[in-house]
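Listed here are the chains, written in short residue letters.
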Amino acid sequence: MAELDTATKRMDLKEQINKERLPKHVAIIMDGNGRWAKQRGKMRVYGHEQGVTSVRETAEAAAEIGVDYLTLFAFSTENWKRPQHEVEALMQLLVATINSETKTLQDNDIRLKAIGNLDKLDKKCYEELQQAINNTKDNKRMDMILALSYSARWDLTHATEQIARKVKNNELAPEEISQDTVSSHLATAPYPDPELLIRTSGEYRISNFLLWQIAYAELYFTPKLWPDFRKNDFYEAILNFQRRERRFGKISEQVANKEKGE
Ligand code: FPP
């Protein structure tokens with residue numbers, strides 16, 4: 001009965017979503033795995049393992065409603081500073097998950113991508129990742145982008161270095177540098193900026209994630225810990241996004257007129 005209720009509620013929420021006003025790109029800071037495990041008297045790694053179900057549910061939910069890009073903050077530059085055993089466990093979990101979830105990606109026509117300082121990943125993890133990226137490269141429904149060994153400051157520093165090199169080699173004049181130049185040198189260059197950023201676990205921080213790219217994103221914070229995050233929670237975030245007025249620095253009337261096509 002409880003299962004039926006959840007399924008009914010999910011249908012209700014999903015059906016309320018306006019398919020014409022979907023965010024094309026949703027980014028998620030998946031937080032709270034450690035606390036979720038601790039609340040149950042378990043090791044932190046158990047929380048990460050349970051977080052995989054949330055990744056699967058969220059990817060399916062996003063693909064089902066028609067989101068084009070889903071970026072997940074799976075491992076930050078700062079996460080390398082965690083205890084060695086947790087870093088190793090996370091790397092192993094990533095490898096195992098990439099393997100076990102490739103079928104979910106294929107079944108849902110999802111293309112896997114990755115951004116970040118991927119050279120820092122251990123060899124096995126890097127190779128499995130590249131293989132899954134290759135195996136899913138022809139899928140078309142949605143891109144799922146894993147941010148691995150990623151931080152916004154790394155991204156911006158790396159982009160600056162590449163731009164500086166072009167200036168040094170006379171391929172680019174300093175006065176030609178525009179916002180588009182910066183965007184096109186970031187790891188996210190192939191993707192539009194996220195319109196919605198979700199963070200779980202009740203923390204109100206961006207934690208060095210996509211700082212440039214979220215300039216105009218709507219921010220959505222939920223107290224749910226990541227291992228508890230399910231399809232309905234994703235739909236709720238989308239519905240919340242759709243209730244907001246996005247002004248991009250303009251005034252309400254201008255936005256309303258644009259929507260009417262005036
Ligand atoms: C943050 O929770 C979560 C992480 C650092 C890792 C996220 C990884 C997964 C969900 C597993 C696999 C994912 C993919 C995409 C294959 P935390 O450890 O910071 O939690 P806390 O704030 O409660 O300590």
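We now turn to the structure provided with this report. For clarity, every value in this text was computed on a predicted model and none was experimentally measured.

In this section: the pairing of strand β1 (residues 25-29). Taking burial as the measure, the five residues of β1 include five buried ones, the bulk of the element. Along β1, one buried face is formed by His 25, Ala 27 and Ile 29 and the opposite face, lined by Val 26 and Ile 28, is buried too. One ladder, built from five bridges, connects β1 with strand β2 (residues 69-76); its direction is parallel. When the bridges of β2 are listed, His 25 appears paired with Tyr 69.

On to the site of the ligand, then. In the vicinity of the ligand lie 19 residues, with Asp 31, Gly 34, Arg 35, Arg 44 and Arg 82 positioned nearest. At a separation of 3.0 Å, an oxygen atom of the ligand approaches a polar backbone atom of Gly 34. Between the ligand and Arg 44 there is a distance of 2.8 Å, counted from an oxygen atom to a side-chain nitrogen or oxygen. Relative to its free-state accessible area of 630 Å², the ligand is covered by the protein chains to the extent of 91%. Every element with two or more residues in the shell around the ligand is listed here: α2 (33-39), α3 (44-65) and α4 (84-107). Split into classes, the residues belonging to the shell around the ligand amount to nine nonpolar, six polar and four charged.

Counted according to the given criterion, the structure contains nine aromatic pairs. The residue whose ring lies beneath Arg 40 is Trp 36, and the NZ or CZ to ring-centre distance is 3.8 Å.

The next subject is the sheet that holds strand β4 (residues 142-150). Pairing is parallel across the open sheet formed by six strands, whose spatial order is β3-β4-β2-β1-β5-β6. In this open sheet, the two strands that pair with only one neighbour each are β3 (110-115) and β6 (218-221). Pairwise comparison of adjacent strand axes, ignoring direction, gives a mean angle of 20° for this sheet. For strand β5 (residues 196-199) and β6, the ladder comprises four bridges, and the chain directions are parallel. Bridged to Leu 197 within β6 is Leu 219. The strands touched by α3 are β1, β2, β3 and β4; relative to β4, the strand with the most contacts, the crossing angle is about 140°.

As a further point, take the pattern of salt bridges. All chains considered together, the criterion is met by 18 salt bridges. Here Arg 56 and Glu 101 are joined by a salt bridge, their closest N and O atoms 2.9 Å apart. A residue pair is termed long-range when its members are at least 10 positions apart, and Arg 56 in helix α3 and Glu 101 in helix α4 qualify at 45 residues. Residue class for Arg 56 comes out partly exposed when judged on its relative accessible area of 31%. A relative accessible area of 13% places Glu 101 in the buried class. A salt bridge links Lys 103 to Asp 107, with the shortest nitrogen-to-oxygen separation between them at 2.7 Å.

Cut-off values and rules
- Residues numbered from 1 in each chain as written.
- Predicted model: local features only at pLDDT ≥ 70, side-chain atom pairs only at ≥ 80, totals over all residues.
- Heavy atoms only, no water.
- Buried < 20%, exposed > 50% of the residue type's maximum accessible area, 1.4 Å probe, protein only.
- Helix = DSSP H or I, 4+ residues; strand = E, 2+ residues; numbered from the N terminus.
- Pairing = 2+ DSSP bridges.
- Near = heavy atom within 4 Å.
- Polar contact = N/O pair within 3.5 Å; in protein donor to acceptor, adjacent residues only side chain to side chain.
- Areas by Shrake-Rupley, 256 points an atom, 1.4 Å probe, with all protein chains shown as cover.
- Nonpolar A, V, L, I, M, F, W, Y, C, P; charged D, E, K, R; others polar.
- Phe/Tyr/Trp six-rings, centres within 6.5 Å; stacked < 30°, edge-to-face > 60°.
- Lys NZ or Arg CZ within 6 Å of the ring centre and 35° of its normal.
- Axes fitted to C-alpha atoms, helices over the stretch in contact; angles between N-to-C directions.
- Contact = heavy atoms within 4.5 Å.
- Salt bridge = Lys/Arg side-chain N within 4 Å of Asp/Glu carboxyl O.

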